[in-house]
Amino acid sequence: MPKLNEHYQDLKESYLFTEIAHRVAAYTAANPDKKVIRLGIGDVTLPLGRLALEGLHEGVDAMGSAATFKGYGPEQGYDFLREAISAYYARNGVTVDASDIFISDGAKSDTGNISELFDTDNVILIPDPVYPVYVDSNVMGGKKITYLAGNAENGFLPLPDPAFHADIIYLCSPNNPTGAVYNKEQLKVWVDYALANEAVILFDSAYEAFITDPELPRSIYAIEGAKKCAIEFCSLSKTAGFTGTRCGYTIVPKELVFTASNGEQMSLHQMWNRRQCTKFNGTSYIIQRGAAAVFSEEGMRQCHENIRYYQENARIIADTLTKKGIRFYGGVNSPYIWFECPQQMESWEFFDYLLNHAQVVGTPGAGFGENGKHFFRLTSFGNHENTAEAMKRFDELF
Ligand SMILES: *Cc1c(COP(=O)(O)O)cnc(C)c1O
C-alpha cells in the first residue's frame, strides 16, 4: 500500500465557490422569476484584444508549414516573449533582465510550485485574508504557516513586526481579495525587513495593470534592493484576459543567492531553472506569440481598453458604497472592492441577505481567511448594465 502524503488531510475543504453555487442554485429554483446578478466572479468576461488574437493566429499558422513549425521550445520561454516583457517593465521604469524571466502557463502554477525550492523548516508568513493558493500549496508540503493579519486597522496592508523573524514572505499587491495596494514606502519596509532577515519575498503582481496611480509600485523591483530578496509572479490572466488562454511569468533574479547548510552557495534562479527544466516543457508557442503581442505598446493599449471598462464598473460599485457611508478598500487600482458587512453581519449571513433581498451574488470574505469573516468582496468583472442594476438594488436595500 502506498503511504500517502497525509498533509492533504490538513487542507481545509475549499467549499467557497461550490457553496456559493449551491446557495444560488437553491435560490433560483425557489424563485425562478427573479433575475440574479453575479458580482462575485474572479474571472474576466471581455474578449481578447485584436492584437493578441492576431498573435495567436500567427502562431497557429506557423505550425502549419515545415519552414516555421515549432516543436519543443525552451523550458524558460522564447526569447521574443522574455524580451517583450523586459521591454514592458522598462517602459514602466523598472529594469528586469530578460534572462531572469521564466514563462509559464500562469501564476497559479508558479506561486504553487515555488514552495518546492524551500525546506519545510522555514518561518513562512502569509497574509490573511489572501488568495488561497499560497496557503494550500504550503499545507500540501507539510509546512507550517504564520499568518499576518490584514484588518481595518492596517488598511489590509500588514507590515512586518521587526522583532519577529521570517524566512519566506508572501505578498500580493494589488491584493486579491481586498483590492489594497502597497505604496513605495510600505514596500520598502518589506524589502528592508527581508534584507535584514535574509528572507525571500514572493511577490504576486497579477493585478499590476489595474494600477492607475503613477506613484504606486507595479513591481517589487521598483524598490531598491528587491532583486536581492524578491521573486515576482505575474500573469496575463487579468491584464489581457488570458484566464482561459493561459500564460504567466516569474522573475527570479540571479542575485538571489543563499548559503546552504554545507556552506555552498545556492542560487534560486538556478534551482527554479532546474525545477522547470525537469518538470515543465514550456508554454505553447502559439500562446507565447499571443502573449508577445500583448506586451507591445499597441497590444497593451488594447488591454487597457478592457481594464478601463472594468474600472468603470468598480467606480459604480465604489460610488454606491460611498453614498451609503460604507467604508471599503480597493475599487481604484484594483478590480476588487472589499467592504465590511453592514449591520455587523458575518459574511455568509450577508451573502444570504444580499441574495434574498437584492438577488445580488458576491463573495463572502470568510472564504479568504479568518480576517475576512465580517467582510465581503464584489468584483468589477461583470458588464455595466448588470453592475449598475445590482448597485441600484443595493442602494435601495439599506
Ligand atoms: C487571478 C490570480 C492569479 C492568476 O493566476 P493564473 O494562473 O495566471 O490565471 C494570480 N494571483 C492572484 C492573486 C490572482 O487573483
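Please read all numbers here as calculations on a predicted model, not as lab measurements.

Student: Explanation requested: the pairing of strand E5 (residues 168–172) in the structure shown.
Tutor: Burial analysis of E5 places 5 of its 5 residues in the buried class, the great majority of the element. Of the two faces of E5, the one lined by Ile168, Tyr170 and Cys172 and the one lined by Ile169 and Leu171 are each fully buried. As judged from the 2 bridges shared by strand E3 (residues 124–128) and E5, these two strands associate in the parallel manner. The residue of E5 that forms the bridge with Ile124 is Ile168. Pairing geometry for E5 and strand E6 (residues 200–204), over 5 bridges, is parallel. If you follow Cys172 over to E6, its bridge partner there is Asp204. Handedness of the crossover joining E5 and E6 through helix H6 (residues 184–197): right-handed.

Student: Please explain helix H8 (residues 268–279) as it appears in this structure.
Tutor: An α-helix turns once per 3.6 residues; consequently, residues spaced three or four apart project the same way. Spanning 12 residues, H8 covers 16 Å between terminal C-alpha atoms, matching the ideal 16 Å at 1.5 Å per step. Where H8 begins, the side chain of Ser267 points an oxygen toward the backbone nitrogen of His269, at a separation of 3.2 Å.

Student: Teacher, can you tell me more about the layout of surface pockets here?
Tutor: It is a probe the size of a water molecule, rolled over the atoms, that shows where empty space is left. If you add up the space inside the largest pocket, you get close to 1200 Å³. Residue lining of the largest pocket: 43 residues in total, with Val130, Tyr131, Pro132, Val133 and Gly367 positioned closest to the centre. Mapped by element, the contributors of at least two residues to the lining of the largest pocket are helix H1 (16–30), helix H4 (107–113), E3, helix H5 (133–140) and helix H7 (236–240). Examining the composition of the lining of the largest pocket, we find that 5 residues originate from one element, H5, more than from any other. Split into classes, the residues belonging to the lining of the largest pocket amount to 21 nonpolar, 9 polar and 13 charged. Approximately 470 Å³ is the volume found for the second largest pocket. Lining of the second largest pocket is provided by 17 residues; of these, Leu117, Phe118, Asn122, Phe258 and Thr259 occupy positions nearest its centre.

Student: What is the right way to look at the site of the ligand in this model?
Tutor: Taken together, 14 residues are adjacent to the ligand, and Asp204, Tyr207, Ser235, Ser237 and Lys238 come closest. One of the backbone N or O atoms of Ala107 is found 2.7 Å from an oxygen atom in the ligand. At a separation of 2.7 Å, an oxygen atom of the ligand approaches a polar side-chain atom of Arg246. Taking a 2 Å distance to the grid points as the criterion, the majority of the atoms of the ligand fall inside the largest pocket.

About the thresholds
- Residues numbered from 1 in each chain as written.
- Predicted model: local features only at pLDDT ≥ 70, side-chain atom pairs only at ≥ 80, totals over all residues.
- Heavy atoms only, no water.
- Buried < 20%, exposed > 50% of the residue type's maximum accessible area, 1.4 Å probe, protein only.
- Helix = DSSP H or I, 4+ residues; strand = E, 2+ residues; numbered from the N terminus.
- Pairing = 2+ DSSP bridges.
- Right-handed = clockwise from strand over helix to strand, strands pointing away.
- Expected span 1.5 Å × (residues − 1).
- Polar contact = N/O pair within 3.5 Å; in protein donor to acceptor, adjacent residues only side chain to side chain.
- 1 Å grid on protein atoms, 1.4 Å probe; cavity = no way out; pocket = protein on both sides within 12 Å on 5 of 7 lines; lining within 4 Å.
- Points joined across faces, edges and corners; volume = space filled by probe spheres on them.
- Nonpolar A, V, L, I, M, F, W, Y, C, P; charged D, E, K, R; others polar.
- Near = heavy atom within 4 Å.
- Sits in = over half its atoms within 2 Å of the grid points.

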